[in-house]
Amino acid sequence: MNNPIFITGIGTGVGKTLISAIVTEALAADYWKPVQAGYVDGTDTMTIQSLLNNTVSIVHPELYRLQTPASPHIAARIDKIEINIDTITQTASTILDSIAPKQLVIEGAGGLLVPLTDSLMVADLVKALNAKVILVSRNYLGSINHSLLTAAYCRSNGIDVAGWIFNDDYMNYENEIVNWSDYPSIASVPKLATINKATISAEAIRIKRSLLDKLNLS
């Protein structure tokens, strides 16, 4: 059974779903977002389904679909639902067994310290899944600090990081983040004028070699 690939970011709105689509397409992997908080404008799962171009990836339904666009522990409390990390890991194991030898890309909610329950964070789920992590950093004012804090947390908590995928075009300090964090760059995705199956497929082809290398899948 393969260990899952977990996509997390340095915060909310940094492009995790975009990068998840590119990674899933590049690996012809399956995709799963176990916890979705807020879906008035559609879910990340629906977005991924609309962007994949290959015929083998399966997009698995969410385990927890919460109405309120808030931290999952708050959204779950409002919906009177209890998020159970053991249930998520057991479901992940079942999916992984059923799809082998394909890879499973799991998209997290927000960043690593987003609470899933009153006592457990996304980082706790990553460790319970024994996942290989791809860190998504979007280039914006303040992202150096957010990126290095995320990297420092990963290193001090023994989280297995494959590397960074950078997103957007604000200034140019990706090399500094790589050097200061000591995690490698997998790829840099420019700001895409159009996001559709064609552009996702093109980016997937472009980053595939580096992605395979950094994930030790080549």
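Everything below is about the structure printed above this text.
Residues numbered from 1 in each chain as written. Predicted model: local features only at pLDDT ≥ 70, side-chain atom pairs only at ≥ 80, totals over all residues. Heavy atoms only, no water.

K.L.:
Residues and numbers for the environment of Arg-138, please.
P.N.:
Looking at where Arg-138 falls in the secondary structure, it is placed in strand S7 (residues 132-138). With a relative accessible area of 25%, Arg-138 lands in the partly exposed category. Distance in space between the C-alpha atoms of Arg-138 and Lys-191 is 9.8 Å, their sequence separation being 53 residues. If sequence neighbours within four positions are ignored, Arg-138 has contacts with Ile-10, Gly-13, Val-14, Ser-143, Asn-167 and Asp-168. A distance of 3.4 Å separates a polar atom in the side chain of Arg-138 from a polar atom in the side chain of Asp-168. (Helix = DSSP H or I, 4+ residues; strand = E, 2+ residues; numbered from the N terminus. Buried < 20%, exposed > 50% of the residue type's maximum accessible area, 1.4 Å probe, protein only. Contact = heavy atoms within 4.5 Å. Polar contact = N/O pair within 3.5 Å; in protein donor to acceptor, adjacent residues only side chain to side chain.)

K.L.:
Explain empty space enclosed by the protein to me, and be specific about the residues and the numbers.
P.N.:
Applying the stated criterion across every chain yields a total of one cavity of 30 Å³ or more. Quantified by volume, the largest cavity comes out at close to 50 Å³. Along the walls of the largest cavity sit Phe-6, Pro-34, Val-35, Glu-107, Gly-108, Ala-109, Leu-116, Val-122 and Leu-125, which together make up its complete lining. Elements with a minimum of two residues in the lining of the largest cavity: strand S6 (104-111) and helix H5 (122-129). If you tally residues by element for the lining of the largest cavity, the top one is S6, at three residues. (1 Å grid on protein atoms, 1.4 Å probe; cavity = no way out; pocket = protein on both sides within 12 Å on 5 of 7 lines; lining within 4 Å. Points joined across faces, edges and corners; volume = space filled by probe spheres on them.)

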